[in-house]
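Fold and contact review
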Amino acid sequence: MDKALELENLSKTYKIGFRKAGRRAVVDVSLSIPAGKVFGLLGPNGAGKTTTIKMALGFLKPDSGQVRIFGEPNGPKARARIGFLPEQPYFYPHLTAGAALDFYGKLFGLKRAERIERTKLLLDTVGLSDAVKLPLSKFSKGMLQRFGIAQALVNNPDLLIVDEPASGLDPIGQVEMRRLLAALNAEGKSILLSSHYLSEVENICHEVAIMNKGTVIARGDIGKLLDAGDVYTVKAKSLPKTWRPVKSVVKKGHINGIANLIVGKDDLDRLIDGIRSAGGHIEDVRKVTKTLEELFIELVGANANGGSHDAN
Ligand SMILES: Nc1ncnc2c1ncn2[C@@H]1O[C@H](COP(=O)(O)OP(=O)(O)O)[C@@H](O)[C@H]1O
Ligand SMILES: [Mg+2]
């Protein structure tokens, strides 16, 4: 499959302070973002998501590693295929939405007729046609964020990179943003979005990578990631007092003579066979799928806001 973005062994240490002590923000990160998909870069604050994105965009030079954009080395030509909405965008507040998009169009060297057409199309795409004459200072946070997407689309990019698009949005704004990104993806745009909001990612991303403390700690298809974490609860009765379940049973208890057992997917059959051969009866078997949030908390653990390592 074609790749929109390939990050190979990227590392970045920020030099801080007079003595130039280093802060390892990104350590040996490799990611492959397939063309035509929505890829979610997840992780708590300080995980290294923004630093990774800045290196992908060429805003920050990696200490080591490579970036390829649609198979090309990271240069001006390849980067022209990317649109970007930063984490904390700044827009001139006194400009109207129409004038601001016209301004960005000029930056990309679009002719007047093209700019007029583009501005209309983009405001329509992000649902802001009615706000064409409204100054950005009057925009709600949700409208500003959608305007930001329009701005990122001025050069009609093939890859859209959005850093924390749902940050600070109310639930309706978040849903609107999700729908907008999903619609853009349906039109064929590849999307890389970073987030520490799991619900956002769970619903629209085809693939995710989870970062913590500068490294990727899990990656893959969301369904498969969650599947690997599946457990089953088994209820059984009439088991002899002396019966002991297979070792892999993670939890057990008794309520009113019914044994309640929790087991990993791989040992489900063995547990059921064991119960039957001991003379027990299976009352209920249920699959418990974790939410991405549960998986995330399990992986990131108590250090969720631990930031990065300091390397001296
Ligand atoms: N310009 C900078 N100078 C020094 N340290 C930085 C700078 N930017 C980010 N960091 C540090 O690098 C780590 C990763 O930050 P960042 O990439 O912004 O993470 P995220 O986007 O996942 O919240 C954090 O510990 C942060 O404090
Ligand atoms: Mg960030």
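Residues numbered from 1 in each chain as written. Chains lettered and ligands numbered in written order. Predicted model: local features only at pLDDT ≥ 70, side-chain atom pairs only at ≥ 80, totals over all residues. Heavy atoms only, no water.

Per the stated rule, a full pass over the model turns up six aromatic pairs. With 5.6 Å between their ring centres and 70° between their planes, phenylalanine 59 and phenylalanine 84 make a pair best called edge-to-face. Separated by 25 residues along the polypeptide, phenylalanine 59 in the loop between helix H1 (49–56) and strand E4 (64–69) and phenylalanine 84 in strand E6 (residues 82–85) bring together distant segments of the chain. On the basis of relative accessibility, which here comes to 55%, the residue phenylalanine 59 falls in the exposed class. A relative accessible area of 18% places phenylalanine 84 in the buried class. Judged by centre distance (5.4 Å) and plane angle (70°), the ring pair of phenylalanine 103 and tyrosine 104 falls under edge-to-face. These aromatic residues form a ring-pair network of at least three members: Tyr90, Tyr92, Phe103 and Tyr104. When the ring centre of phenylalanine 70 is taken as reference, the NZ or CZ atom of arginine 81 above it lies at 3.9 Å. (Phe/Tyr/Trp six-rings, centres within 6.5 Å; stacked < 30°, edge-to-face > 60°. Helix = DSSP H or I, 4+ residues; strand = E, 2+ residues; numbered from the N terminus. Buried < 20%, exposed > 50% of the residue type's maximum accessible area, 1.4 Å probe, protein only. Lys NZ or Arg CZ within 6 Å of the ring centre and 35° of its normal.)

Another point: the sheet that holds E6. The strand order across the open sheet built from six strands is E6-E7-E8-E3-E9-E10, with neighbouring strands paired in mixed fashion. What marks the edges here is a single partner per strand, and that holds for E6 and strand E10 (215–221). Neighbour-to-neighbour, the strand axes of this sheet turn through a mean angle of 15°, independent of strand direction. Strand direction decides the pairing type here: strand E7 (residues 159–163) and strand E8 (residues 190–195), joined by five bridges, are parallel. Within E8, the position partnered with leucine 159 by the bridge is serine 190. Contacts between helix H5 (residues 141–152) and the sheet are confined to E6 and E7, with E6 contributing the most and set at about 160° to the helix. (Pairing = 2+ DSSP bridges. Axes fitted to C-alpha atoms, helices over the stretch in contact; angles between N-to-C directions. Contact = heavy atoms within 4.5 Å.)

A few words now on H5. Each α-helix winds once per 3.6 residues, and so residues spaced three or four apart point in a common direction. With 12 residues, H5 extends 16 Å between its outermost C-alpha atoms, agreeing within 8% with the 16 Å of an ideal straight helix rising 1.5 Å per residue. For H5, a buried count of nine out of 12 residues is recorded, marking the element as mostly surrounded by other parts of the structure. Taken residue by residue, H5 has Gly142, Gln145, Arg146, Phe147, Gly148, Ile149, Ala150, Gln151 and Ala152 as its buried positions. Where H5 is buried, its residues contact E6, helix H3 (97–107), helix H4 (112–125), E7 and helix H6 (171–186). (Expected span 1.5 Å × (residues − 1).)

Further remarks concern the pairing of E6. Side chains Ile82 and Phe84 project from E6 onto one buried face, and the interleaved Gly83 and Leu85 project onto a second face that is buried too. The sheet contact formed by E6 and E7 spans four bridges and is parallel. Along E7, the bridge assignment pairs leucine 85 with valine 162.

A word on the site of ligand 1. Neighbouring ligand 1 are 13 residues; Gly46, Gly48, Lys49, Thr50 and Thr51 lie closest to it. Within the side chain of arginine 23, a nitrogen or oxygen atom sits 3.4 Å from an oxygen atom of ligand 1. A total of 560 Å² of accessible area belongs to ligand 1 in isolation, and the protein chains cover 71% of it. Counting only elements with at least two residues in the shell around ligand 1, the list comes to strand E1 (3–16), strand E2 (21–34) and H1. Here the element with the most residues in the shell around ligand 1 is H1; it accounts for three residues. Within the shell around ligand 1, the residues separate by chemical class into five nonpolar, six polar and two charged. (Near = heavy atom within 4 Å. Polar contact = N/O pair within 3.5 Å; in protein donor to acceptor, adjacent residues only side chain to side chain. Areas by Shrake-Rupley, 256 points an atom, 1.4 Å probe, with all protein chains shown as cover. Nonpolar A, V, L, I, M, F, W, Y, C, P; charged D, E, K, R; others polar.)

Below, the discussion takes up the packing of H5 against H6. At a closest axis distance of 10 Å, the pairing of H5 and H6 adopts a crossing angle of 15°. Classified by the angle between their axes, H5 and H6 sit roughly parallel to one another. Crossing geometry of H5 relative to H6 is assigned as right-handed. Contacts between H5 and H6 involve Gln145, Arg146 and Ile149 from the former and Glu176, Met177, Leu180, Leu181 and Leu184 from the latter. Classifying every residue of the contact of H5 with H6 by side-chain character gives five nonpolar, one polar and two charged. (Parallel < 35°, antiparallel > 145°, perpendicular 65-115°, else oblique. Left-handed = near helix turned anticlockwise from the far one by under 90°.)

Right, let's talk about the environment of serine 195 for a bit. Its location among the elements puts serine 195 in strand E8. The class for serine 195 is buried, based on a relative accessible area of 0%. Expressed as a C-alpha distance, the spacing of serine 195 and proline 165, which sit 30 residues apart in the sequence, is 7.4 Å. Excluding anything up to four places from it in sequence, serine 195 contacts Leu41, Leu42, Gly43, Lys49, Glu164, Glu200 and Val201.

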